[in-house]
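Descriptive structure summary
Okay, here's what each chain looks like letter by letter:
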Amino acid sequence: MICKVKRTIKKYGLITEDTRTVAVGFSGGADSVCLLHILSLLKEEYGIILKAVHVNHNIRGIEAKRDEDFVRSFCEELGVELSVYSVDVPSVAKEKKLSLEECGRLVRYECFEKESCDAVAVAHTLSDSIETLLFNLARGTGTKGLSGISPKREPDIIRPLIDCSRREIEAYCSENGLSYVTDSTNFCDDYTRNHIRHNLVPAFSHINSEFEASFSRAMEAVRQQDSFIEQCALKLIEEGRVADSYSAEVFLSSHESVLKRAILILLKERMTKPPEAKHVECVFDSIVAGNGKTELSKDLYISVNGDIITFCRGGTAVKEWKSTFEKGVAVTPYGRFVLEKSSDIQENSFDADKLNDELFISSRLPSDRFTFADRKISKSLKKLFNEKKIPVEKRNSIAVLHDGENVVWVEDIGVNSVYIPDENSQKIITVKKEE
């Protein structure tokens, strides 16, 4: 058993030379007792400091207090430092409108994050991973769900028992005279996972007595394929990035499975709740269609305008705005813009002697045109923004310095060729932005 755990640690790089302190999620059940005991035997070999973390969910009354007392006693005998957290999970679950199971999981990880450590070891097993696969399969899932529970979850969650079955763990506890507590809710089929454990798993065992080993091999194969898709998706996101938006042309050039994974990654970064398959399909269909806006949640929507894909907040475009200068300073919704006299020509400098009217700064105007010094071709800002693939929703946030009806300077683009200073310029002004 210890050799199997060491192979798992090495195979997935769960404990490295940089790992100094490992906190073990310790419920007092057979799995966590086994994990804490094995790591206590290996701590000198790996050169780690071990501590335990117990979370009392206050769900099972006297039984929960019994578990906490057992945990304290076990850690004292083992000589392991212990941190105990007490959280009223039923109240938190009611407040956040979550199930007790889901809320308990979130609370545990929140407590783990409070610990000063390099890694948090949790006692998920091969049996847990198989149950997760079956649960995901019943709800409908992709390769990520078919790979079960990952041996490592970034940035610091590790699972050294992920290749060990529950039978092996209970045998280890028996052979080493290790006592443990049992959660009475584990015997109740009211929880979906328990129903899978008590009914589906025995059915698979009847079909194949070695089904756990078979599932383990299958999950490992899927995990490798899923890792490849993930890498391709991350690469696609970088290749398709255009400022704060993305290129539909680049995205659509990829395989559908890679694109959908890229969409899932982007949604996870932006949605407050975990994205579902319907959200991924919605974004995918919008990209294929090439036009329009689609609401994904109350505060997030996707806008596809030709080749440009933009994830936007709030559902409305930036409003038009205008600010005047007082003593060389204009305060706008997007920062302070300052006009400073310069002795030399800088990146955003213009010749003040070429001005014909009073300066003001604003969002783009319908009549705005811009000429690059090296091109000598005048273009409307609308066409210029299209060429630079700036999302429609963000265009009004770009500051434009005006001399009456003429454009002097455009934020992130530069000075209009008409106003660029030369060696004969006597009065040079530079535009600077302060966030």
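The structure this text deals with has already been given above.
None of these values were measured; they are calculated from a predicted model.

Remarks on helix α8 (residues 166-175)
What α8 keeps buried is the set Arg166, Ile169, Tyr172 and Cys173. For α8, the arc enclosing every buried residue in end-on projection is 120°, short of the 170-degree limit, so these residues lie on one face. Opposite the buried face of α8, by more than 90 degrees, sit the exposed residues Arg167, Ser174 and Glu175.

Thoughts on the sheet that holds strand β6 (residues 157-158)
The mixed open sheet is built from six strands, whose spatial order is β3-β2-β1-β4-β6-β5. Each having just a single partner strand, β3 (81-86) and β5 (152-153) make up the two edges of the open sheet. Across five bridges, the pairing between strand β1 (residues 21-25) and strand β2 (residues 49-56) is parallel. By the bridge assignment, valine 24 is partnered in β2 with alanine 52. Against the sheet, helix α2 (residues 30-46) touches β1, β2 and β4 (119-121), its axis set at about 160° to β1.

Considering the packing of α2 against α8
At a closest axis distance of 9 Å, the pairing of α2 and α8 adopts a crossing angle of 65°. For the element pair α2 and α8, the recorded crossing hand is left-handed. Residue-level contacts link Ala30, Asp31, Val33, Cys34, His37, Ile38 and Leu41 of α2 to Arg166, Ile169, Tyr172 and Cys173 of α8. Split by residue class, the contact of α2 with α8 holds eight nonpolar, one polar and two charged.

Here we look at the environment of tyrosine 301
Counting through the fold element by element, tyrosine 301 comes out in strand β10 (residues 300-305). Separated by 18 residues in sequence, tyrosine 301 and valine 283 place their C-alpha atoms 9.3 Å apart.

Examining the side chain of histidine 279
Along the chain, histidine 279 turns up in helix α13 (residues 277-289). Excluding its chain neighbours within four sequence positions, the residues that come into contact with histidine 279 are Leu267, Met271 and Leu296.

Topic: the nonpolar core
Counting residues in each nonpolar core, the largest one holds 34 residues, and the members touching the most others are Phe26, Leu36, Leu39 and Leu161. Listing elements by their share of this core, those giving two or more residues are α1 (2-12), β1, α2, β2, α3 (62-78), β4 and α8. Sequence-distant contacts of leucine 36, defined by excluding residues within four places in its chain, comprise Val24, Phe26, Leu50, Ala52, Phe74, Cys75, Leu78 and Val80.

Overview of the sheet that holds strand β15 (residues 349-351)
Spatial ordering of the open sheet is given by β13-β14-β22-β15, a layout of four strands whose pairing is antiparallel. Sheet topology places β13 (329-332) and β15 at the edges, where each strand pairs with a single neighbour. This sheet shows a mean twist of 25° between the axes of neighbouring strands, independent of strand direction. Summarising the sheet, β13 and strand β14 (residues 335-342) pair through four bridges and their orientation is antiparallel. Residue pairing across strands places alanine 330 opposite phenylalanine 337, the latter belonging to β14.

Quick notes on the packing of aromatic side chains
Within this structure, the stated rule accounts for eleven aromatic pairs. Considering the side-chain rings of phenylalanine 204 and phenylalanine 215, the 5.4 Å spacing of their centres and the 75° angle between planes classify their relative orientation as edge-to-face. Residue phenylalanine 204 is located in helix α9 (residues 192-207), and its partner phenylalanine 215 is located in helix α10 (residues 211-240); the two are separated by eleven residues in the primary sequence. The partly exposed category is assigned to phenylalanine 204, whose relative accessible area is 28%. The class for phenylalanine 215 is buried, based on a relative accessible area of 17%. Taken together, a centroid distance of 5.6 Å and an interplanar angle of 25° make the contact between tyrosine 246 and phenylalanine 251 stacked. Phenylalanine 251 matches tyrosine 246 in its accessibility class, with the two residues each being buried. One aromatic cluster is present, formed by Phe26, Phe70 and Phe74 through successive ring pairs. In this structure, lysine 260 packs its charged tip against the face of phenylalanine 284, placed 4.8 Å from the ring centre.

A short note on α3
Look at α3: 24 Å from first C-alpha to last across 17 residues, which is about the 24 Å you get at 1.5 Å a residue. Taken together, the buried residues of α3 touch α2, β2 and β3. Phi turns positive, to about 75°, at glycine 79, one or two residues after α3.

Focus on the environment of valine 304
You can see valine 304 is positioned in strand β10. Residues valine 304 and threonine 125, 179 residues apart in the sequence, show an inter-C-alpha distance of 43 Å. Apart from residues no more than four positions distant in its own chain, valine 304 is found in contact with Ser286, Ile287, Gly290, Asn291 and Gly292.

Each value, and the rule that gives it
- For every chain, the first residue of its written sequence is number 1, and the numbers climb from 1 along that sequence.
- pLDDT decides what is reported in this predicted model: residues at 70 or higher carry local features, side-chain atom pairs at 80 or more are listed and counted, and totals for whole chains, interfaces and linings draw on all residues regardless.
- Hydrogen atoms and water are omitted, and side-chain values are computed over all heavy atoms in the structure.
- When accessible area is computed with a 1.4 Å probe and restricted to protein chains, residues below 20% of their type maximum are described as buried, those above 50% as exposed, and intermediate ones as partly exposed.
- A run of DSSP states H or I qualifies as a helix once it reaches four residues; a run of E qualifies as a strand once it reaches two. Both are numbered from the N-terminal end.
- Taken from the helix axis, the directions to the C-beta atoms give the arc we talk about.
- Strands pair, by our definition, only if DSSP identifies at least two bridges between them.
- Throughout, a contact is declared for two residues whenever any of their heavy atoms are within 4.5 Å.
- What counts as an axis is a line fitted to C-alpha atoms, over the stretch in contact for a helix, and the angles between N-to-C directions run from 0 to 180 degrees.
- By definition, any crossing whose near helix is turned counterclockwise from its far helix by less than a right angle is left-handed, and any crossing with a clockwise turn is right-handed.
- Each residue is assigned to one class: nonpolar for Ala, Val, Leu, Ile, Met, Phe, Trp, Tyr, Cys and Pro, charged for Asp, Glu, Lys and Arg, and polar for all the others, Gly among them.
- Here, the term nonpolar core denotes a set of buried Ala, Val, Leu, Ile, Met, Phe, Trp, Tyr and Cys residues that are joined through side-chain atoms within 4.5 Å.
- The criterion for an aromatic pair is that two Phe, Tyr or Trp rings (for Trp, the six-membered ring) have centres within 6.5 Å, with stacked assigned to planes under 30 degrees apart, edge-to-face to planes over 60 apart and tilted to the rest.
- Geometrically, a lysine NZ or arginine CZ counts as sitting over a ring once it is within 6 Å of the ring centre and also within 35 degrees of the ring normal.
- By definition here, a helix of n residues has an expected span of 1.5 Å times n minus one.

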